[in-house]
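The primary structure of each chain is shown beneath.
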Amino acid sequence: MIKLSRMKQLLWLIVLTIIIGTIFVFTALQTFTGENTKEQIQQITGMNEHNAYVTNAIIRKSAHVLMFGLLSIFFYIVIRRQSIWFAWVCTTLMAIVDEWHQSYVPGRSALVQDVLLDSLAALIFLRIIIYIRKR
């Protein structure tokens with residue numbers, strides 16, 4: 001029989017795998033290119049092009065912060081809270097691989113700025129977790 005802690009670890013690993021898979025699926029779909037999502041925002045809201053562009057940028061960058069911040073927390077949990085730095089490095093490497101992957105998808109581009117944003121989000125989320133745990 002599997003111990004409960006071992007079962008929890010397996011569950012967290014599955015969640016981590018789902019998050020990574022979700023990131024790769026979203027970056028592989030041409031539906032989620034910046035231009036396409038901007039056009040969708042314009043159609044749904046009736047915004048002019050500039051406002052739709054700004055709204056789209058905010059939504060897309062917020063998604064980066066949320067997804068990679070959560071990813072860093074799940075890496076931290078899966079490695080049994082051994083090192084925030086290892087969780088941060090794993091998340092940053094994932095951000096690099098994600099952008100590289102995007103460079104092969106028509107209509108998508110790889111941006112160093114996105115890797116930096118993802119890496120910073122991971123660090124902030126991890127620092128918040130450490131702060132909360134110390135309280």
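The structure we're discussing is the one just above.
Residues numbered from 1 in each chain as written. Predicted model: local features only at pLDDT ≥ 70, side-chain atom pairs only at ≥ 80, totals over all residues. Heavy atoms only, no water.

**Brief notes about the packing of helix H3 (residues 49-78) against helix H4 (residues 84-102)**
Put simply, H3 and H4 touch, their axes get as near as 8 Å, and they point 135° apart. As far as their axial angle goes, H4 and H3 are oblique. Here H3 runs over H4; the crossing is right-handed. Residues His64, Phe68, Leu71, Ser72, Phe75 and Tyr76 of H3 touch H4, and the partners they reach there are Ile84, Ala87, Cys90, Thr91, Met94, Ala95, Asp98 and Glu99. Residue composition of the contact of H3 with H4, grouped by class: nine nonpolar, three polar and two charged. (Axes fitted to C-alpha atoms, helices over the stretch in contact; angles between N-to-C directions. Helix = DSSP H or I, 4+ residues; strand = E, 2+ residues; numbered from the N terminus. Parallel < 35°, antiparallel > 145°, perpendicular 65-115°, else oblique. Left-handed = near helix turned anticlockwise from the far one by under 90°. Contact = heavy atoms within 4.5 Å. Nonpolar A, V, L, I, M, F, W, Y, C, P; charged D, E, K, R; others polar.)

**Remarks on the nonpolar core**
Judged by nonpolar contacts, the single largest core of 21 residues is most densely connected at Leu16, Ile23, Phe68, Leu71, Phe75, Tyr76 and Ala87. Breaking this core down by element, the ones donating at least two residues are helix H1 (4-28), H3, H4 and helix H5 (112-134). If one sorts the elements of this core by residue count, H3 sits on top with eight residues. (Core = buried A, V, L, I, M, F, W, Y, C linked by side-chain atoms within 4.5 Å. Buried < 20%, exposed > 50% of the residue type's maximum accessible area, 1.4 Å probe, protein only.)

**Considering the packing of aromatic side chains**
Per the counting criterion, the structure on display carries three aromatic pairs. A ring pair is formed by Trp12 and Phe74, whose centres lie 5.3 Å apart and whose planes are at 40°; its orientation type is tilted. On the criterion of sequence distance, the pair formed by Trp12 in helix H1 and Phe74 in helix H3 is long-range, its members being 62 residues apart. Here Trp12 falls in the partly exposed class, since its relative accessible area comes to 30%. Centre to centre, the rings of Trp85 and Trp88 are 6.2 Å apart; their planes meet at 85°, and the pair counts as edge-to-face. Of this pair, Trp85 and Trp88 both sit in helix H4, three residues apart, which is roughly one turn of that helix. Looking at Trp88, the relative accessible area reads 24%, which means it is partly exposed. (Phe/Tyr/Trp six-rings, centres within 6.5 Å; stacked < 30°, edge-to-face > 60°.)

**Considerations on the environment of Leu66**
Here Leu66 shows up in helix H3. Residue Leu66 is classed as partly exposed on the basis of its relative accessible area of 46%. Spatially, the C-alpha atom of Leu66 lies 9.0 Å from that of Phe125, the residues being 59 residues apart in sequence.

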